[in-house]
Amino acid sequence: YYMGDGLIHSTDFTTDTDLSAGVSISSGINWDASLFNQFPVMNNTADVPWFYNINTSPADVEPLPAFDPNIRCNAIRPFRSFLVALNIRESAVHQDNRLIWSDSSDAGALPASWDIADPNTLAGDAYLTSTRGEIIDGLQLRDLFVIYKTHATYIMQLVSTRNVMRIQRIQL
């Protein structure tokens with residue numbers, strides 16, 4: 001897959017296919033993409049995250065279901081059965097030290113909720129304000145999710161309490 005200039009394409013190195021036909025995608029910058037439960041998930045910082053729906057015929061690109069339409073993120077990454085949105089803009093407010101994680105999803109499915117106020121889901125958020133700088137990115141490392149800020153690194157771990165995730169700064 002490759003993205004840019006308001007388009008999302010797939011290629012088998014012989015044929016290029018425009019997956020974004022019929023969909024309005026902004027010409028966002030800093031595209032990122034990840035594979036989550038067999039679904040390619042793509043983000044361009046200007047729109048809600050997109051996913052390539054492999055369950056439709058023909059397969060097409062759609063906005064990530066249940067993701068708040070007022071939220072944008074600089075990156076979205078998989079972590080176990082969750083998706084994690086990093087460096088958040090909600091409406092006109094940029095919260096560059098905030099991250100949001102989805103509800104846990106079943107195997108082969110996308111998260112059904114991102115509602116952090118719903119006590120029946122595992123969705124949540126956190127603000128990494130103990131250090132300066134913005135969240136740059138994050139990646140899963142075994143059972144941990146490593147969060148990179150401009151001046152610090154954190155680890156996030158799934159815990160069995162209502163808090164769902166424990167986040168700690170890595171002290172070097």
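Above this text you will find the structure in question.
Residue numbering note: each chain is counted from 1, following its sequence as written. Per-residue local features of the predicted model are confined to residues with pLDDT of at least 70, and side-chain atom pairs are confined, for both listing and counting, to 80 or more; whole-chain, interface and lining totals are unaffected and use all residues. For the side-chain quantities, the full set of heavy atoms in the structure was used; hydrogens and water were omitted.

## Focus on the sheet that holds strand β9 (residues 82-90)
Put simply, the rule reads: Any two strands with at least two DSSP bridges between them are considered paired. Think of it this way: any DSSP run of H or I at least four residues long counts as a helix, any run of E at least two long counts as a strand, and we number them from the N terminus. Each axis is a line fitted through C-alpha atoms, taken for helices only over the stretch in contact, and angles between the N-to-C directions span 0 to 180 degrees.
In spatial order, the strands read β8-β9-β10-β11; together these four strands make up an open sheet with antiparallel pairing. Every other strand in the sheet has two partners, leaving β8 (71-79) and β11 (124-127) as the edge strands with one partner each. On average, each strand axis in the sheet is inclined to that of its neighbour by 25 degrees, with strand direction left out of account. Bridge count between β9 and strand β10 (residues 93-101): six bridges; the pairing is antiparallel. Along β10, the bridge assignment pairs V84 with W101.

## Focus: the sheet that holds strand β14 (residues 153-158)
The strand order across the open sheet built from four strands is β12-β13-β14-β15, with neighbouring strands paired in antiparallel fashion. Of all the strands in the sheet, the pair left with one neighbour each is β12 (135-141) and β15 (165-169). Strand-to-strand twist in this sheet, taken as the mean axis angle between neighbours without regard to direction, amounts to 20 degrees. Where β14 and β15 come together, five bridges link them in antiparallel fashion. Bridge pairing links Q157 to R166 in β15.

## Focus: the environment of M165
Formally: The criterion used for residue contact is that any of the two residues' heavy atoms lie within 4.5 Å.
Following the sequence through the fold, M165 ends up in strand β15. Along the primary structure M165 and F145 are separated by 20 residues, whereas in three dimensions their C-alpha atoms are 10.0 Å apart. Not counting chain neighbours up to four residues away, the residues in contact with M165 comprise F79, F82, W101, M156, Q157, L158 and V159.

## Observations concerning the packing of aromatic side chains
Rules: Stacked, edge-to-face and tilted labels apply to pairs of Phe, Tyr and Trp rings (six-membered ring for Trp) whose centres lie within 6.5 Å, assigned for plane angles under 30 degrees, over 60, and everything in between, in that order. Three exposure classes are used, based on accessible area relative to the maximum for each residue type with a 1.4 Å probe and protein chains only: buried under 20%, partly exposed in between, and exposed over 50%.
Using the criterion set out here, one finds three aromatic pairs in the structure. Taken together, a centroid distance of 5.7 Å and an interplanar angle of 75 degrees make the contact between F39 and F51 edge-to-face. Of the two residues, F39 sits in strand β5 (residues 39-43) while F51 sits in strand β6 (residues 50-53), which places them 12 residues apart along the sequence. Summarising the burial analysis for this pair, F39 and F51 share the class buried.

## Observations concerning a nonpolar patch on the surface
Filter applied, for reference: To count toward a patch, a residue needs a relative accessible area over 30% and no salt bridge; like charges are then connected within 9 Å, while nonpolar side chains (Val, Leu, Ile, Met, Phe, Trp, Tyr) are connected within 5 Å. Method for areas: the Shrake-Rupley scheme with a 1.4 Å probe, in which residue coverage is limited to the protein chains shown. When a carboxyl oxygen of Asp or Glu lies within 4 Å of a side-chain nitrogen of Lys or Arg, that pair is called a salt bridge.
Nonpolar side chains collect at one region of the surface, where I136, L139 and Y148 lie side by side and expose about 280 Å² of accessible area between them. Relative to the helices and strands, L139 is located in strand β12.

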